[in-house]
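# Close look at the chain arrangement
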Amino acid sequence: MKNNHSLVLGKFMDFHKGHEALIRHAQTLSHKVTVLLCVTDDDRNSALLRKTWIERTFGNTINLLVIRPEHENLPLKEESDREVSCAWAKWIDEKLPDVDLVVGSEDYVGYMADYGTFEYCIFDKGRVAHSCSSTSVNEGDWDSRSLESKAMLHNRVYLVGPESTGKTISAEYLRDTLGYNIVLEQARDIMRADGSFCATDLKRFALSQELALLDALDTQESKVIVSDSSALTTKVYSDMTFGWTDPLVNYILECESTFQSLYLLFTPEVEWIDDGTRHMESLSLRWEFFNHTKDWLVKHNKPFKVVQGNDYQERLNQVLGFI
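Before going into details, it helps to say that this report is about the structure given with it. (Residues numbered from 1 in each chain as written. Predicted model: local features only at pLDDT ≥ 70, side-chain atom pairs only at ≥ 80, totals over all residues. Heavy atoms only, no water.)

Moving on: the side chain of D124. Residue placement: D124 occurs in the loop between β5 (119–122) and α5 (134–138). Look at D124: it is buried, it has no salt bridge, and the nearest opposite charge is R127 at 6.2 Å. A distance of 2.7 Å separates a polar side-chain atom of D124 from the backbone nitrogen of V128. Here the side chain of D124 touches H130 through a polar contact of 3.3 Å, landing on its backbone nitrogen. Beyond its immediate stretch of four places on either side in the chain, D124 contacts S105, A129 and H130. (Helix = DSSP H or I, 4+ residues; strand = E, 2+ residues; numbered from the N terminus. Buried < 20%, exposed > 50% of the residue type's maximum accessible area, 1.4 Å probe, protein only. Lys, Arg positive; Asp, Glu negative; His and termini not counted. Salt bridge = Lys/Arg side-chain N within 4 Å of Asp/Glu carboxyl O. Polar contact = N/O pair within 3.5 Å; in protein donor to acceptor, adjacent residues only side chain to side chain. Contact = heavy atoms within 4.5 Å.)

Below, the structure written as structure tokens:
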């Protein structure tokens, strides 16, 4: 039978998979879970940032409280300590009297239960399920971060510009040279055999690219994701072909623009190669595409670098230098 109300407390300094698993375990034990986020002025990550990570992971399925222990006259200590645990047990009984279970990964939850009116559960004390800590994550263990912290902290490099300018080659080069995760252009798998598309297809292009980027977040080993396309590319195709852009594409582009991003904009003077899906053989049309893209980046004050030249190796060197 489930307990009524579980409590999980901590600093959650670099919210990681171990923290998430701990809270989800508490949810299996109780009908209600309160997460107590403890913050101090010396914390390396802000209370707002940590609060947002937790909220984006659990939404309204938990009750999230933020406290400053010093304001509550509560002592803090890194190691499990009975005296400290006693003070916290009394505070919990007074402030959260319906809590009947405290869940954690350290001995202190057992100590607190000795002095309080609640039971305790120690989860994954030996870090068997998730061998990570806030220290290891802070020192670079990117894979152990929670998905939502990855979503907020990762960097994106978008390769944009006309077709047949070396964008895919550059994405693969960054993967092979720097170990970055890459997401190839999803439109190739959706586009019709003759390379044609309609306005509805463009919505599919933008949405499938963004979903592929989000899917890559959970398994990526690098903080940087390189995207061999962008909703901006879809928007320019739409504006040039149909004279308007669907609101869904604009919305995806707006969301895309919230990430920490760098756009690499490729000029069209290299040889155009028809791979069966391309249709912009006219150099003047490709320059028009380039200028439309550049105008949007400038207008919206987005960071970008121009990749240019007639030699592909020269372009790869520029890409590596910009990164």
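Looking now at the sheet that holds strand β6 (residues 155–160). Taken in spatial order, the five strands make up an open sheet running β7-β8-β6-β9-β10, and their pairing is parallel. Each edge of the sheet is formed by a strand with only one pairing partner; in this case those strands are β7 (181–183) and β10 (304–307). With direction set aside, neighbouring strand axes in the sheet form an average angle of 20°. Taken together, the four bridges between β6 and strand β8 (residues 224–227) define a ladder with parallel strand orientation. Paired with R156 across the bridge in β8 is I225. Where helix α12 (residues 283–299) meets the sheet, it contacts β6, β9 (260–266) and β10, and its direction lies at approximately 155° from that of β9. (Pairing = 2+ DSSP bridges. Axes fitted to C-alpha atoms, helices over the stretch in contact; angles between N-to-C directions.)

Moving on, we come to the side chain of E20. Residue placement: E20 occurs in helix α1 (residues 17–29). On the basis of relative accessibility, which here comes to 19%, the residue E20 falls in the buried class. When sequence neighbours within four positions are dropped, the list of residues in contact with E20 reads F15, T57, F58 and S146.

As a further point, take the sheet that holds strand β3 (residues 63–67). Read from one edge of the open sheet, five strands run β3-β2-β1-β4-β5, paired in parallel fashion. Every other strand in the sheet has two partners, leaving β3 and β5 as the edge strands with one partner each. On average, each strand axis in the sheet is inclined to that of its neighbour by 25°, with strand direction left out of account. Strand direction decides the pairing type here: strand β1 (residues 3–10) and strand β2 (residues 30–38), joined by seven bridges, are parallel. Within the sheet, the bridge partner assigned to L7 lies in β2 and is T34. Running at roughly 150° to β2, α1 makes contact with β1, β2, β4 (101–104) and β5 of the sheet.

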